[in-house]
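# Report on the structure
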Amino acid sequence: MEAWKGMCYAMVMIMVIGTGEGQLAENFYSSSCPNVESIVNQTVSTKFSQTFVTIPATLRLFFHDCFVEGADASIMISSPNGDAEKDAPDNVSLAGDGFDTVIKAKAAVEAVCPGVVSCADILAMAARDVVVLAGGPSFNVELGRLDGLISKASNVPGNLPEPFFDLDQLNALFAKNNLTQLDMIALSGAHTLGFSHCSRFANRVFNFSTSSQVDPSLNTTYSQQLMQACPQNVDPRIAVDLDPVTPQTFDNVYYKNLIAGMGLLTSDEVLFTNPASQPTVNDFANNPNDFNAAFVTAMRKLGRCGVKTGSQGEIRKDCTAFNS
């Protein structure tokens, strides 16, 4: 999970982040690697031309990276022991196309500016680029992150939103990352893209409660469609679109779906059923510019989470391995 068109941003922002002060700037590489954004964009565009999955996979990768250890590409590390961040149960479903996008972009950047641009910055730029490719808003990305030195599967539990979370749980988790309820609702709008495996919502259509097999907040027709797409004992690899209406377009239809009782996950639908968050859902559903503006603000804030500086990080040669 930043104002929209016509907004001006300071070129250099100094902020206290996580355990240290991170100095990020939109023009961070203006001298050291002036073409970095176009290089990353070209790689992302090429990858997208090969598979649409590039878009939701890269965006989800950025979210999962930022929420554990901060925006430091710790999610990219591959461990021979299977104990890195990407190996945690909540991360094993991350699509390989997201990792591949960052790895290919890093290789392209290294060919021009070796040892200059972090994998964390490349992931942040790629996340913005896939939003634009899906028809969403463009925005300037603050740069200057270092790649983290820690990547542990054991650090993941409790740091990513779960599909069964209620509003209080969502707000508490996002607050840990200096994100507000408004930011949380805006970033949830990324579910206008991508998909979810049947196991993440099966309880809503087969075993909701002792009094109702199906979650009563679900649209009746939609719940029947879900039962057909995800019958009991279905192949665990089967997944369905988070947005059944415009699944390949970044738009505000996600919020219209919530109003219609077509939020796939409990953590989606609660944004509308809870009176504390319902007004924002209504606003985003009726005013796409409000959603776009809030999403951009939230994405920029998300990219400031846990930025590493000095001895806290490095510029990795290979995004999948710490420098030796």
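The structure contained in this document is the topic of the report that follows. (Residues numbered from 1 in each chain as written. Predicted model: local features only at pLDDT ≥ 70, side-chain atom pairs only at ≥ 80, totals over all residues. Heavy atoms only, no water.)

### Regarding the state of the cysteines
Applying the stated rule across the entire model yields three disulfides. Paired by a disulfide, Cys33 and Cys113 hold their sulfur atoms 2.1 Å apart. Residues Cys33 and Cys113 are joined through a disulfide that is right-handed, its torsion about the S-S bond being 85°. Separated by 80 residues along the polypeptide, Cys33 in the loop between β2 (20-25) and α1 (36-50) and Cys113 in the loop between α3 (96-112) and α4 (119-133) bring together distant segments of the chain. Residue Cys33 is classed as buried on the basis of its relative accessible area, which comes to 1%. Look at Cys113 and you get buried, because its relative accessible area is 6%. Put simply, Cys119 and Cys319 are joined by a disulfide, and their sulfur atoms are 2.1 Å apart. Its S-S torsion of about -100° marks the bond between Cys119 and Cys319 as left-handed, since a negative value means left-handed. With Cys119 in helix α4 and Cys319 in the segment after β6 (313-314), this residue pair connects regions lying 200 residues apart in the sequence. (Disulfide = S-S within 2.5 Å. Helix = DSSP H or I, 4+ residues; strand = E, 2+ residues; numbered from the N terminus. Buried < 20%, exposed > 50% of the residue type's maximum accessible area, 1.4 Å probe, protein only.)

### Concerning helix α6 (residues 181-188)
Taking burial as the measure, the eight residues of α6 include six buried ones, the bulk of the element. Among the residues making up α6, those that are buried are Asp183, Met184, Ile185, Ala186, Leu187 and Ser188. Check the buried side of α6 and you find it contacts α2 (54-67), α5 (167-175), α9 (253-259), α10 (266-273), α11 (278-286) and α12 (288-302). Here α6 starts with a cap whose side-chain oxygen sits 3.3 Å from the backbone nitrogen of Leu182, and that cap is Thr180. (Contact = heavy atoms within 4.5 Å. Polar contact = N/O pair within 3.5 Å; in protein donor to acceptor, adjacent residues only side chain to side chain.)

### Re the packing of α2 against α4
Where α2 meets α4, the closest approach of the two axes is 9 Å, and the angle between their N-to-C directions is 140°. Comparing their axes, α4 and α2 come out oblique. Judged by the sense of rotation from one axis to the other, the crossing of α2 with α4 is left-handed. Note on element contacts: α4 touches α2 through Leu123, Ala124, Ala126, Ala127, Val130, Val131 and Leu133, opposite Thr54, Ile55, Thr58, Leu59, Leu61, Phe62 and Asp65. Across the contact of α2 with α4, the residue classes break down as 11 nonpolar, two polar and one charged. (Axes fitted to C-alpha atoms, helices over the stretch in contact; angles between N-to-C directions. Parallel < 35°, antiparallel > 145°, perpendicular 65-115°, else oblique. Left-handed = near helix turned anticlockwise from the far one by under 90°. Nonpolar A, V, L, I, M, F, W, Y, C, P; charged D, E, K, R; others polar.)

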